[in-house]
Amino acid sequence: MTAIFITGGNGFVGRHLVLALQERGDQVRVLALPAEDTSWLEERGVTVYRGDVGRPESLVEPMRGVEQIIHLAGMMDVWRPLDDYRAVNVTGTENVCRGALAAQVRRIVHMSSSSVYGMGRGVPVHEDRPLAPFQDPYPISKAEGDKMVQQMIVEDRLPAVIIRPDQIFGPGDQLHFARMADRVRARKAIIVGSGRNAVPFVYVTDVVRGLLLALDHERAAGQAYNITNDQPLTQEQFLDAIAQEIGAPPPRVHVPYRALYAAGYAAERLAILTHSWRRPPVTRLGAAFFGTDNRYAIDKARRELGYAPQVTLREGVRLAACWYLDRHASPGGTTPDLSPAAERVS
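What this report covers is the structure whose coordinates are included nearby. (Residues numbered from 1 in each chain as written. Predicted model: local features only at pLDDT ≥ 70, side-chain atom pairs only at ≥ 80, totals over all residues. Heavy atoms only, no water.)

1. Describing the side chain of Glu268
Next, step 1: Among the secondary structure elements, Glu268 is positioned in helix H9 (residues 257-273).
Next, step 2: With a relative accessible area of 7%, Glu268 lands in the buried category.
Next, step 3: Aside from chain neighbours lying at most four places away, what touches Glu268 is Trp79, Pro280, Thr283, Arg284 and Leu285. (Helix = DSSP H or I, 4+ residues; strand = E, 2+ residues; numbered from the N terminus. Buried < 20%, exposed > 50% of the residue type's maximum accessible area, 1.4 Å probe, protein only. Contact = heavy atoms within 4.5 Å.)

2. Remarks on the nonpolar core
Next, step 1: Ile6, Leu17, Phe169, Phe177, Leu211, Phe238 and Ile242 are the most contacted members of the largest nonpolar core, which has 66 residues in total.
Next, step 2: Broken down by element, the residue count for this core peaks at 7 residues, all from helix H7 (residues 204-216).
Next, step 3: Aside from chain neighbours lying at most four places away, what touches Leu17 is Ile6, Ile70, Leu72, Val208, Leu211 and Leu212. (Core = buried A, V, L, I, M, F, W, Y, C linked by side-chain atoms within 4.5 Å.)

3. With respect to the packing of helix H1 (residues 12-23) against H7
Next, step 1: Interhelical geometry of H1 versus H7 gives an angle of 60 degrees and a closest axis separation of 10 Å. Classified by the angle between their axes, H1 and H7 sit oblique to one another. For the pair H1 and H7, the sense of crossing is right-handed. Contact residues: Phe12, Val13, His16, Leu17, Ala20 and Leu21 in H1; Val204, Val208, Leu211 and Leu212 in H7.
Next, step 2: Partitioned by chemical class, the residues of the contact of H1 with H7 number 9 nonpolar, 1 polar and no charged. (Axes fitted to C-alpha atoms, helices over the stretch in contact; angles between N-to-C directions. Parallel < 35°, antiparallel > 145°, perpendicular 65-115°, else oblique. Left-handed = near helix turned anticlockwise from the far one by under 90°. Nonpolar A, V, L, I, M, F, W, Y, C, P; charged D, E, K, R; others polar.)

4. Examining the pairing of strand E5 (residues 107-111)
Next, step 1: Among the 5 residues that make up E5, 5 are buried, leaving the element largely enclosed by the rest of the structure.
Next, step 2: Across the two faces of E5 the burial is the same, with Arg107, Val109 and Met111 and Ile108 and His110 all buried.
Next, step 3: Here strand E4 (residues 68-71) runs beside E5; their pairing, made up of 4 bridges, is parallel. Bridging from a neighbouring strand, Ile69 pairs with Ile108 of E5.
Next, step 4: As for the winding sense of the linkage, the β-α-β connection from E4 through helix H4 (residues 82-103) to E5 is right-handed.
Next, step 5: Sheet topology note: the E5/strand E7 (residues 160-165) ladder contains 4 bridges and is parallel. Paired with Val109 across the two strands is Val161, which belongs to E7. (Pairing = 2+ DSSP bridges. Right-handed = clockwise from strand over helix to strand, strands pointing away.)

This is the structure:
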């Protein structure tokens, strides 16, 4: 039985990861914020430590005696200034890595993001491409955190592996899939541009599989891997699949990409000028994510880790839609609840 510590283990991806680790017999510890509802974890026998990646002293006890660490915690999808994002995604990541060195763990897996490469490359992007994130606090801070881990691998011999997944979706995904399904159901969904561009999604259990391979593979230390599905759906195909699975008409209204991008810029400026803490209804990053062609190569992960996506994106939409419909059918539902009530830091 291996003792494994997870930051962000009470989030969407974390809960799927916890189940996979328990299924193979590992002993799981999770770091949770002081105010988080951790009843889901406690009901499954997970040891919960209260703390914050921003407070390094709160990491000492949960890391004591562990062999491996998976660092998922990060700020995302909230309207906050870059300094707030850096406090979690850069400084918090450094705190976890320094703690891992002090605890002398044999492996730490850091979950980065494919957004560190930038948007709209139009060709499959490989891991050796220089990081050039889109100018938004989330990808900027994730790229800085990614580079910091790379630096610690070289300078401090940090036994780390960096995983760069695409946008993760599946049962429990309230932040992205549920919002898309809500818009399709309400007939408010739009298609950005032609809709023929590849959208970068990956099913949650494939990401969990990539994390576990990075955790266990002896030669993975010091490497970075893209983890995604290399058979992407187009934007229109993805939205049509959601509509079909939830029984709603597919979106047919097309909005020009440049117009939506300009609207995102205006909405962001207004939010800044009014000191709003609410995320604008449209952002430049959102327009670029849905309206440009984004593909990522997984040749390296296939070759070195033995990774291969097991769930097609079309099947992933069906599974996520089943969870979505089940939660709308009844408050309790019949599907295991894998969605945290709130996910600011996950």
